[in-house]
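Here's the letter readout for the chains.
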Amino acid sequence: MPPIPASDGPEITPGLWKRCLWGGLALWLLTAVVTYFTKNTTLLPTLILLGSFLVPAVFVMWAYERHGRDIGVGVILGCFVTGGILGVLGASVMEYYLLHPSLWMFIGVGLIEEAVKLAALIWVVRRRPQLRGIRTGLVLGAAVGFGFAAFESAGYAFNAAVTTKGIDLRALLETELLRGILAPFGHGLWTAIAGAVLFAFRRPDGRFRFAGPVIGAYLGVALLHALWDSMHGIAIWLVARITTGGLDRSLFAQGYIPEPTDQQKHLFTLFSIGGLVLISLIGIKWLRSLAQRDSTWKSTP
């Protein structure tokens, strides 16, 4: 791949991602404490935005500093913000009209969300034909994925906070903590993989080739996405198979086992967490194998 000219835009100083991580975490904790003691609901948007954007933004800063300085701040920021917003909007519209509750719903979610993220990525870089290659696709795909994760997490945090009984601050904080911890192993990872393969087949004139490997990568990350989302139900199914003589389909609709035994609780935790770890390891291994195929990746810090 020919070298990409450095951007004339602003530069991010080395180590900024570390300062943003610890500084942002301190501000989030301070905001949570002040909100708890003052009961001031006007602080909720600050708390939601800090908690939802901190980890995704930090990972994008890290990716830029380590592997994307020659790509430029402007295009990475555009992928994070514009790509993320277009992704959540497109996914919301398509899921509203195309999906209905069923055993196969999560497969539809995976196919739709991975498709709209790639479409958003293509839209953002459509006038930049010089952006090609695996490393570029990894960085920009991750930026779109993390942008999608940030805006989506803000919505989940808001829904957790607003209840019929008022504001549930504990549910808001738990949602943001969980999604913040899991953020590096979800949307950012999946779209980085698909973006890498997509950009590896981009032509010098800027046109994208939807060759077999591109379609295969898309289907592969959509499957990882679907498995991730459905791991709760899969864990319930496995527990029921092991501990009971038969299966009650109502368990899948309810999303839990009524009056579970201690053994069932332990097994559910093992299967649900173990499944997420396994999916994450598969995605990380896949991403590393792609990165090793690009010689320019080795020349970055």
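Structure: above.
To keep things clear, this report deals only with the structure shown in the data block. (Residues numbered from 1 in each chain as written. Predicted model: local features only at pLDDT ≥ 70, side-chain atom pairs only at ≥ 80, totals over all residues. Heavy atoms only, no water.)

## A short note on the packing of helix H3 (residues 73–98) against helix H5 (residues 134–161)
In step 1: Interaxial distance between H3 and H5 falls to 7 Å at its minimum, and their mutual angle equals 50 degrees. For the element pair H3 / H5, the angle class is oblique. Seen from above, H3 lies across H5 with right-handed handedness. Side by side, H3 and H5 meet where Val75, Ile76, Cys79, Phe80, Val81, Gly83, Gly84, Ile85, Gly87, Val88 and Ala91 of the first sit next to Val139, Leu140, Ala143, Val144, Phe146, Gly147, Phe148, Ala150, Phe151 and Glu152 of the second.
In step 2: Tallied by class, the residues present in the contact of H3 with H5 amount to 16 nonpolar, 4 polar and 1 charged. (Axes fitted to C-alpha atoms, helices over the stretch in contact; angles between N-to-C directions. Helix = DSSP H or I, 4+ residues; strand = E, 2+ residues; numbered from the N terminus. Parallel < 35°, antiparallel > 145°, perpendicular 65-115°, else oblique. Left-handed = near helix turned anticlockwise from the far one by under 90°. Contact = heavy atoms within 4.5 Å. Nonpolar A, V, L, I, M, F, W, Y, C, P; charged D, E, K, R; others polar.)

## What to know about the packing of aromatic side chains
In step 1: All told, the structure shown has 7 aromatic pairs when counted by the stated rule.
In step 2: Between Phe53 and Phe151, the aromatic rings sit 5.0 Å apart at their centres with planes inclined by 90 degrees, giving edge-to-face as the arrangement. Here the residue Phe53 occupies a position in helix H2 (residues 44–67), and Phe151 occupies one in helix H5, the gap between them amounting to 98 residues.
In step 3: For the pair Trp190 and Trp228, a centre-to-centre distance of 5.8 Å together with 80 degrees between the ring planes defines the contact as edge-to-face. With Trp190 in helix H7 (residues 187–200) and Trp228 in helix H8 (residues 212–229), this pair connects stretches of sequence that are 38 residues apart. (Phe/Tyr/Trp six-rings, centres within 6.5 Å; stacked < 30°, edge-to-face > 60°.)

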